[in-house]
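In case you want the letters, here they are:
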Amino acid sequence: MQQVKNIVIAGLGGQGVIKASDILADAAFRAGFDVKKSELHGMSQRGGSVSSDVRYGEGVLSPMVPPGEADVLLVLEATQVEINRPTLRAGGLLIGPDVIEPGALRNRKSLNVALLGALSTALEIDQAHWEAALHANLAEKLHAINEQAFALGREGAARHLGQ
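As annotated in an unreviewed UniProt entry, the protein chain carries the name Pyruvate ferredoxin oxidoreductase and comes from Marichromatium gracile.

(A) Just the overall build of the protein chain, in detail. Within the protein chain one finds 5 helices and 5 strands. Element order for the protein chain, N to C, with α for helix and β for strand: β-α-β-β-β-α-β-α-α-α. With respect to the three principal axes, the spread of C-alpha positions in the protein chain is 40 × 35 × 30 Å. Counting the 163 residues in the protein chain, one finds 47% classified as buried. Pairs at least 24 apart in sequence give 62% of the contacts found in the protein chain among residues at least 6 apart.

(B) Summary view of the environment of alanine 136. By secondary structure assignment, the location of alanine 136 is in helix 4 (residues 127-137). Alanine 136 sits 111 residues away from alanine 25 along the chain, and the two C-alpha atoms are 12 Å apart. Beyond its immediate chain neighbours, meaning those up to four positions away, alanine 136 contacts Asp26 and Arg30.

(C) Highlighting the sheet that holds strand 2 (residues 34-40). Strand order in the open sheet formed by 5 strands is 2-3-1-4-5, with mixed pairing between adjacent strands. At either end of the open sheet lies a strand with only one pairing partner, and these are strand 2 and strand 5 (88-95). Along the sheet, successive strands turn relative to each other by an average axial angle of 20°, direction set aside. In the sheet, strand 2 pairs with strand 3 (residues 49-57) via 7 bridges, with the strands oriented antiparallel. Each residue of the ladder has a partner; that of serine 38, found in strand 3, is aspartate 53. Lying on the sheet, helix 1 (residues 17-30) is in contact with strand 1 (5-12), strand 2 and strand 3; it crosses strand 3 at an angle near 5°. Each of strand 1, strand 4 (70-75) and strand 5 touches helix 3 (residues 111-120); the most contacted strand, strand 4, lies at about 155° to it.

(D) Examining the layout of surface pockets more closely. Empty space within the largest pocket amounts to approximately 200 Å³. Surrounding the largest pocket, 14 residues form its lining, Ser51, Asp53, Met64, Val65 and Thr87 being those nearest its centre. Put simply, the parts of the chain that give the lining of the largest pocket at least two residues each are strand 2 and strand 3. Across the lining of the largest pocket, the residue classes break down as 7 nonpolar, 5 polar and 2 charged. Considered as a void within the structure, the second largest pocket measures approximately 170 Å³ in volume. If you trace the second largest pocket, you find it lined by Gly14, Gly16, Lys19, Asn107, Lys109, Ser110, Asn112, Val113, Leu138, Leu142, Ile145 and Asn146.

Conventions adopted
Residues numbered from 1 in each chain as written. Predicted model: local features only at pLDDT ≥ 70, side-chain atom pairs only at ≥ 80, totals over all residues. Heavy atoms only, no water. Helix = DSSP H or I, 4+ residues; strand = E, 2+ residues; numbered from the N terminus. Buried < 20%, exposed > 50% of the residue type's maximum accessible area, 1.4 Å probe, protein only. Contact = heavy atoms within 4.5 Å. Pairing = 2+ DSSP bridges. Axes fitted to C-alpha atoms, helices over the stretch in contact; angles between N-to-C directions. 1 Å grid on protein atoms, 1.4 Å probe; cavity = no way out; pocket = protein on both sides within 12 Å on 5 of 7 lines; lining within 4 Å. Points joined across faces, edges and corners; volume = space filled by probe spheres on them. Nonpolar A, V, L, I, M, F, W, Y, C, P; charged D, E, K, R; others polar.

Printed below as a string of structure tokens:
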């Protein structure tokens, strides 16, 4: 991979947008890429919009994804799709919460990790790096339920995204 991969993760405060971007950045770093990350919290403590940009590749100069240049837009809350759509490049991949079947998750708080599972099918990062990043960023008591959520996301991507 020669170019920089641009990913925007968006949602509402409390949904785990920042945690998801931490896991993604960690997995990319473990895969040997240069990684930069930035966050926009807004009114996140009151359920407001939150987004995080993650850029990785051979050499990343800026942490911010320029408008209209996101290769992937991962959105945890359906109401945030249109708000964040201008970040997505033409032909970019949109991953929304509808990738996960309603009621499929044992814990709805794992939606962020489930959508990372869907995202993982579109990126050149080995499964082992994702697993290591999940374990490094989540408490041990949450490993099993989030591993299941990640697997559900991968399955959802196969059904909904053709990945």
